[in-house]
Amino acid sequence: MADVAIRSGSGPAPMRDITAWDRLKSNRNWLGAWFMLPTVAFLVLFLVYPLGLGIWLSFTDARIGRPGQFIGIENYEWIITDSKFLTSVFNTLFYTFVASVIKFAVGLYLALLLNEHLPFKAIIRAIILIPFIVPTVLSAIAFWWIFDPQFSIISWTLKKWGLISVNVDFLGDPWNARWSVIFANVWRGVPFIAITLLAGLQTVSPSLYEAATLDGATRWQMFRYVTYPLLTPIIAVVMTFSVLFTFTDFQLIKVLTNGGPAGATELMATMSYNTAILGTRIGEGAAISTAMIPFLLGAIMISWFGLQRRKWQQGSDND
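Rules behind the numbers
Residues numbered from 1 in each chain as written. Predicted model: local features only at pLDDT ≥ 70, side-chain atom pairs only at ≥ 80, totals over all residues. Heavy atoms only, no water. Phe/Tyr/Trp six-rings, centres within 6.5 Å; stacked < 30°, edge-to-face > 60°. Helix = DSSP H or I, 4+ residues; strand = E, 2+ residues; numbered from the N terminus. Buried < 20%, exposed > 50% of the residue type's maximum accessible area, 1.4 Å probe, protein only. Salt bridge = Lys/Arg side-chain N within 4 Å of Asp/Glu carboxyl O. Axes fitted to C-alpha atoms, helices over the stretch in contact; angles between N-to-C directions. Parallel < 35°, antiparallel > 145°, perpendicular 65-115°, else oblique. Left-handed = near helix turned anticlockwise from the far one by under 90°. Contact = heavy atoms within 4.5 Å. Nonpolar A, V, L, I, M, F, W, Y, C, P; charged D, E, K, R; others polar. Polar contact = N/O pair within 3.5 Å; in protein donor to acceptor, adjacent residues only side chain to side chain. Expected span 1.5 Å × (residues − 1). Bend = angle between axes of the 7 residues up to and from the residue. Core = buried A, V, L, I, M, F, W, Y, C linked by side-chain atoms within 4.5 Å.

Considerations on the packing of aromatic side chains
Each aromatic ring pair is characterised by the separation of its centres together with the angle its planes make.
Moving on, step 1. On inspection of all chains with the given rule, the structure shows 18 aromatic pairs.
Moving on, step 2. Plain terms: the ring middles of phenylalanine 132 and phenylalanine 192 are 5.7 Å apart, the flat faces sit at 25° to each other, and that makes the pair stacked. Taken as a pair, phenylalanine 132 in helix H6 (residues 121-133) and phenylalanine 192 in helix H9 (residues 174-201) lie far apart in primary sequence, 60 residues in all.
Moving on, step 3. For phenylalanine 192, a relative accessible area of 23% puts it in the partly exposed group.
Moving on, step 4. Both rings, one in phenylalanine 143 and one in tryptophan 187, keep their centres 5.3 Å apart while their planes meet at 75°; by these two values the pair is edge-to-face.

As structure tokens, then:
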């Protein structure tokens with residue numbers, strides 16, 4: 001009978017070998033991979049490809065309308081010996097450090113203030129968000145009017161109060177221009193830090209403050225040993241974004257000063273644009289942009305390794 005079944009083909013069908021493709025389709029993460037494909041394609045198209053192309057162009061002598069030839073590291077040899085580039089590096093680091101520190105201090109103060117029981121707290125939060133919502137170019141134009149050498153409202157007020165006799169040259173003096181663009185950047189960036197830190201403050205359990213109060217802790221001690229350790233991971237993330245946004249700032253500087261006077265506010269981002277687009281030297285401009293990558297990676301790595309430390313996440317001194 002068995003022979004008859006085999007000959008007639010009525011026996012059980014032979015098992016098919018399970019391939020790697022079958023195992024992949026049956027994996028529970030398969031659907032998630034399909035949903036991630038559009039995001040991956042978007043990142044490759046608009047992030048990876050432009051970054052790779054920019055790095056490649058930095059090794060060529062390309063100009064607008066001409067592909068250019070591979071010239072090795074000649075563009076980098078030029079920028080590290082160019083005084084304008086070195087000045088732009090100083091301006092970028094100074095601008096980023098000072099603006100980030102001030103934004104963090106003011107943003108943390110506002111977050112702590114808004115975390116208290118205040119009347120009309122919702123309205124105050126909405127008002128604080130206005131500088132961050134307004135487009136950067138419009139903010140820059142508004143500050144350009146505020147810092148106008150002839151019609152500045154600041155100079156007019158100070159003259160009315162008898163504190164000055166002549167108008168302040170905000171954007172014509174090198175150091176005045178540096179502090180003016182920093183002030184504009186702080187005004188725009190504080191709301192982002194304040195609201196983000198406020199969200200972190202509201203995740204801290206009130207029972208921790210009650211226990212600290214019963215132990216006789218002062219407000220400073222509660223901030224030092226309760227609020228700050230629990231808020232540190234959020235501080236690391238928000239300050240990383242703040243540093244990245246400030247370091248790559250372009251619109252504010254371009255509209256306010258265009259890098260002037262005499263390159264006093266020229267950042268690496270604006271110098272790259274002026275060199276590549278206005279100066280038509282694509283290769284040199286790409287080299288300036290690529291030179292920004294180590295600084296940005298440094299800021300990201302500091303935050304990344306900081307977040308891996310247990311004492312940042314748990315508020316202890318144990319690694």
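Observations concerning the pattern of salt bridges
Moving on, step 1. For the coordinates displayed, the defined rule picks out three salt bridges.
Moving on, step 2. Measuring nitrogen to oxygen at the nearest pair gives 3.7 Å for the salt bridge that ties aspartate 61 to arginine 66.
Moving on, step 3. Under the relative-accessibility criterion, aspartate 61 is labelled partly exposed at 29%.
Moving on, step 4. When its relative accessible area of 40% is taken as the criterion, arginine 66 is described as partly exposed.
Moving on, step 5. With its nearest N and O atoms 2.4 Å apart, the salt bridge here joins arginine 281 to glutamate 284.
Moving on, step 6. Note on glutamate 284: relative accessible area 19%, which makes it buried.

With respect to the packing of H9 against helix H11 (residues 219-247)
Moving on, step 1. Put simply, H9 and H11 touch, their axes get as near as 10 Å, and they point 150° apart. In terms of orientation, H9 lies roughly antiparallel with respect to H11. The way H9 lies across H11 gives a crossing that is right-handed. Contacts from Asn185, Phe192, Ile193, Thr196, Leu197, Gly200 and Leu201 of H9 reach H11 at Thr227, Leu231, Ile234, Ile235, Val238, Met239, Phe241, Ser242 and Thr246.
Moving on, step 2. When grouped by side-chain class, the residues that make up the contact of H9 with H11 number 10 nonpolar, six polar and no charged.

Looking at the side chain of asparagine 274
Moving on, step 1. Relative to the helices and strands, asparagine 274 resides in helix H13 (residues 268-278).
Moving on, step 2. Residue class for asparagine 274 comes out buried when judged on its relative accessible area of 17%.
Moving on, step 3. A distance of 2.9 Å separates the side chain of asparagine 274 from the side chain of lysine 254, its partner in a polar contact.
Moving on, step 4. Excluding residues within four positions of it along the chain, asparagine 274 makes contact with Lys254, Asn258, Glu266 and Gly279.

Concerning helix H3 (residues 30-57)
Moving on, step 1. In this model H3 runs 37 Å from its N-terminal to its C-terminal C-alpha over 28 residues, within 8% of the 40 Å that 1.5 Å per residue would give.
Moving on, step 2. For H3, the principal kink sits at valine 44 and spans about 40°.
Moving on, step 3. Considered for burial, the residues of H3 that qualify are Trp30, Gly54 and Leu57.

Let's talk about the nonpolar core
Moving on, step 1. Within the largest apolar cluster, 33 residues are counted, with the highest numbers of intra-cluster contacts made by Tyr95, Phe147, Ile182, Leu197, Leu231, Leu252 and Leu256.
Moving on, step 2. Of all elements in the fold, only helix H5 (83-114), helix H7 (136-146), H9, H11 and helix H12 (251-256) reach the threshold of two or more residues within this core.
Moving on, step 3. The greatest single-element share of this core, amounting to 10 residues, is contributed by H9.
Moving on, step 4. Those residues in contact with tyrosine 95, other than ones at most four positions away along the chain, are Val181, Ile182, Asn185, Thr246, Asp249, Leu252, Ile253 and Leu267.
Moving on, step 5. Membership of the second largest hydrophobic core comes to 12 residues, among which are Tyr76, Ala269, Ile288 and Met292.

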